[in-house]
Amino acid sequence: MIHALASLAIAPITFASLLQEIADSSRLAQWPKSEFHSLQASSYNRESTHRDKPGWFADSDGIGFIRQEGDEFVLMEHEGPGCITKIWTPFFYYGFDDLVGPNVRIYLDGSKQPLIDESLIKLVCGRGSVRAPWAAYSARAGNLYLPIPFAKSARITMKQKPFYNIINYRAYAPGTKVKTFELSMLQRHLKDIRQAGEQIMAPLEAAPNKPKLWSIGRGASAIITLSAGSRALENLTVSYPEAKGKPDQLRSTILSATFDGEETVWCPLGDFFCSADSVHPFQTLTRSVNKSGQMISRWIMPYKKSGQIRIQNLGHDTVTISVGLSTRAYPWDASSMHFYARWRPDDIVRGTPFQDWNFVDVQGKGVYVGDAWTVVNMKQDSWWGEGDEKIYVDGDWDKGFPSHFGTGTEDYYGWAGGVYPVVEDEFSEPFLSNVKVGGLDGHTLGYNICTRTRGLDAIPFCSRLKFDMEASFGTDMREKWSLLGYSAVTFFYGFPNIKHNRPPMPEAAKKAVVSGLELNRESERIKKGG
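Figured I'd write up the structure that's included with this text. These figures come from a predicted structure and were not determined experimentally.

1. A look at the layout of surface pockets
Here is step 1: Counted as a void, the largest pocket has a volume near 710 Å³.
Here is step 2: Glu21, Arg27, Trp31, Pro32 and Lys33 are, among the 34 residues lining the largest pocket, the residues nearest its centre.
Here is step 3: Here the lining of the largest pocket gets four residues from one element, more than from any other, and that element is helix α1 (residues 15-23).
Here is step 4: Here the lining of the largest pocket is built from residues that sort into 19 nonpolar, seven polar and eight charged.
Here is step 5: The computed volume of the second largest pocket comes to approximately 310 Å³.
Here is step 6: Going through the elements one at a time, β4 (82-90) and α8 (409-412) are the ones with two or more residues in the lining of the second largest pocket.
Here is step 7: Classifying every residue of the lining of the second largest pocket by side-chain character gives 10 nonpolar, six polar and five charged.

2. So, unusual backbone geometry
Here is step 1: For the peptide bond that leads from alanine 132 to proline 133, omega is 5 degrees, which places it in the cis range.
Here is step 2: Along the chain, proline 133 falls in the loop between α2 (120-124) and β7 (135-137).
Here is step 3: Between threonine 352 and the following residue, proline 353, the backbone shows a cis peptide bond with an omega angle of -5 degrees.
Here is step 4: By secondary structure assignment, the location of proline 353 is in the loop between β23 (338-350) and β24 (355-363).
Here is step 5: Phi at serine 60 is positive, roughly 55 degrees, even though this residue is not glycine.
Here is step 6: Mapped onto the secondary structure, serine 60 falls in the loop between β1 (36-42) and β2 (67-69).
Here is step 7: Of the residues examined, serine 60 reaches a relative accessible area of 43% and is grouped as partly exposed.
Here is step 8: Even without a glycine there, the phi angle at aspartate 260 is positive, about 55 degrees.
Here is step 9: Along the chain, aspartate 260 turns up in the loop between β15 (253-259) and β16 (262-268).

3. Observations concerning the pairing of strand β8 (residues 141-144)
Here is step 1: Of the two faces of β8, both are covered, the one formed by Ala141 and Asn143 as well as the one formed by Gly142 and Leu144.
Here is step 2: In terms of strand pairing, β4 meets β8 through four bridges, oriented antiparallel. The partner of threonine 89 across the bridge, within β8, is glycine 142.
Here is step 3: The pairing of β7 with β8 spans three bridges and is antiparallel. The partner of tyrosine 137 across the bridge, within β8, is glycine 142.
Here is step 4: From the end of β7 to the start of β8, which pair antiparallel, there are three residues, and arginine 140 there has a positive phi angle of about 60 degrees.

4. What to know about α1
Here is step 1: Within α1, the full set of buried residues consists of Phe15, Ala16, Leu18, Leu19, Ile22 and Ala23. The buried residues of α1 occupy an angular sector of 160 degrees when projected down its axis, which confines them to one face.
Here is step 2: Next to the buried residues of α1 lie β4, β9 (148-150), β11 (166-172), α3 (185-188) and α4 (190-201).

5. Looking at the pairing of strand β26 (residues 389-393)
As a general feature of sheets, a regular strand has side chains that alternate between the two faces.
Here is step 1: Counting buried positions along β26 yields five of five residues, so the element is predominantly enclosed.
Here is step 2: Alternating residues of β26 divide into Glu389, Ile391 and Val393 and Lys390 and Tyr392, and every residue in both groups is buried.
Here is step 3: As defined by bridge partners, β26 adjoins strand β32 (residues 464-471) across five bridges and the pair is classed as antiparallel. Looking at the pairing, glutamate 389 lines up with methionine 469 of β32.
Here is step 4: Note: β26 against strand β27 (residues 404-405), two bridges, orientation antiparallel. Bridge pairing in β27 places isoleucine 391 opposite histidine 404.

6. Quick notes on the sheet that holds strand β34 (residues 499-500)
Here is step 1: Spatially, β27-β26-β32-β24-β34 is the arrangement adopted by the five strands of the open sheet, whose pairing is antiparallel. The open sheet terminates on both sides in strands that have one partner only, identified here as β27 and β34.
Here is step 2: With eight bridges connecting them, β24 and β32 associate as antiparallel partners. Its bridge partner being in β32, glutamine 363 is matched across the sheet by arginine 464.

7. Section: the sheet that holds strand β3 (residues 72-79)
Here is step 1: Ordered in space as β2-β3-β10-β5-β6, the five strands form an open sheet in which the pairing is antiparallel. The outermost strands of the open sheet, each flanked by one partner alone, are β2 and β6 (116-119). Sheet twist, expressed as the average angle between the axes of neighbouring strands with direction ignored, equals 30 degrees.
Here is step 2: Alignment of strand β5 (residues 103-108) against strand β10 (residues 153-158), held across five bridges, turns out to be antiparallel.

8. Re the nonpolar core
It is characteristic of soluble globular proteins that their nonpolar side chains tend to be buried jointly.
Here is step 1: Trp134, Tyr368 and Trp373 are the most contacted members of the largest nonpolar core, which totals 85 residues.
Here is step 2: With five residues, α1 is the single largest residue contributor to this core.
Here is step 3: Setting aside residues up to four positions removed in sequence, tyrosine 368 forms contacts with Phe359, Val360, Tyr412, Arg454, Ala458, Ile459, Phe461, Leu465, Phe467, Thr490, Phe491 and Phe492.
Here is step 4: Counting residues in hydrophobic clusters, the runner-up holds 58 residues, among them Leu28, Trp31, Val289 and Leu325.

9. Re the pattern of salt bridges
Here is step 1: Taken as a whole, this structure holds 24 salt bridges when the rule is applied.
Here is step 2: A salt bridge links arginine 328 to glutamate 234; the shortest N-O distance between them is 3.1 Å. Residue arginine 328 is located in strand β22 (residues 319-329), and its partner glutamate 234 is located in strand β14 (residues 231-239); the two are separated by 94 residues in the primary sequence.
Here is step 3: Given a relative accessible area of 27%, arginine 328 falls into the partly exposed group.
Here is step 4: For the salt bridge of aspartate 346 with arginine 251, the shortest nitrogen-to-oxygen distance reads 3.0 Å. Placement of the pair is aspartate 346 in strand β23 and arginine 251 in helix α5 (residues 247-252), with a sequence separation of 95 residues.
Here is step 5: A residue is classified by how much of its surface remains accessible, and aspartate 346, at 28% relative accessible area, is partly exposed.
Here is step 6: Three or more residues are tied together by salt bridges with common partners; here these are Arg67, Glu69, Glu77 and Arg155.

Conventions adopted
Residues numbered from 1 in each chain as written. Predicted model: local features only at pLDDT ≥ 70, side-chain atom pairs only at ≥ 80, totals over all residues. Heavy atoms only, no water. 1 Å grid on protein atoms, 1.4 Å probe; cavity = no way out; pocket = protein on both sides within 12 Å on 5 of 7 lines; lining within 4 Å. Points joined across faces, edges and corners; volume = space filled by probe spheres on them. Helix = DSSP H or I, 4+ residues; strand = E, 2+ residues; numbered from the N terminus. Nonpolar A, V, L, I, M, F, W, Y, C, P; charged D, E, K, R; others polar. Buried < 20%, exposed > 50% of the residue type's maximum accessible area, 1.4 Å probe, protein only. Pairing = 2+ DSSP bridges. Arc of directions from axis to C-beta. Contact = heavy atoms within 4.5 Å. Axes fitted to C-alpha atoms, helices over the stretch in contact; angles between N-to-C directions. Core = buried A, V, L, I, M, F, W, Y, C linked by side-chain atoms within 4.5 Å. Salt bridge = Lys/Arg side-chain N within 4 Å of Asp/Glu carboxyl O.

Structure below.
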């Protein structure tokens, strides 16, 4: 185990309670009453064994499994109470001529009979026993979010050699009372399933209070003091029509928040809303940009005594922006945490040598809940997303291997490759969005933006969380002059005075957003020996 967990005398975990939890994003702001490790099993290449040993950047991530046992391949296994929280796989099996693939078998509590025995592809794409929004097709892939709790153990197998797959699950403390999932619950809890589904699919609405129009001069700020006392910001709505199509203004306008005297949010407004290059409509459970360009955040941001929102203009010109917000009473207690949103600015990365590009490194105790990833691609008809996520939790870093080792950047964000993505591959789901697909060449040339919001697959950490993504380009982009532009935003909750490596970067925010033209100029310089 990564660290010791405490089993408390609290209500048992049930399928119904997990549905309530996934539908209520405010639960993320509380340290979980039933503590758990968030773990991941995947088909990553088993040549990767330690970050300091050969094979760390091995591709062919669709071939890994734990072992073969008789005529079954074991994908995931866990002893003790837990819950399967997310399953992802492509919608094809070793080629586009097979869109059904082999069955997946899910065994719970040591049963020799599988609870589920059906096509993995159909299951995650919503064409099997579970339907949308709990299982849904994205772009060449599917994602299953229906919680599958178990009291004693879980084991997932396939009868044929597995293809790309990622399985997220919770490992609860020994002694935690969990009621094991049964297929009959799909009918018995039909009302709970429907209500939770409606909650996570509901459109995000603007703050109910009348917004205030601000004219913010160069170097100035609009400061909004929140109602005092134990409360939470529950809706922040920003309208910024003059910034549409103006990446420099989206980058140089900063959203920051200070709660109980600590600045926890510092991020360019555009990056916070997956709109670094232009305003892009999308919707997830916690953030959206609607067709009129309104930017809406429903992240719950609690505070014990005081809160303040600040919109700062680091650009050259006066900006006009409308801000609306609402707060509600929030009982701050020993399990309450502050909300953090931190930005890593543009970084030009070479196609070789491979590296692990760090999103964030957090020291302290908290819960990791999501991220947004912007990639600028300079090369026509080329691929930017071979890299695997590597998330180290607590003692993982010292061991040299992460709790979460993925199979590809687009896989982490819930869709799949197989062909060069096109604009039609843009999608929004409650926990995932492929917000922007390049489009300048009909494929990935230009800005590519993905985001992920975590629900039951949120990652608690007691001492440290370090999130790296491999800077591993497609096979045709592995020269030192093959360049991509990266930037990232990370979202997490933490107890007061948590530490991280993403301080405010005002000078970086004043710079123009990195462009394909800039990458091409730098590429030519490198080719000439620079």
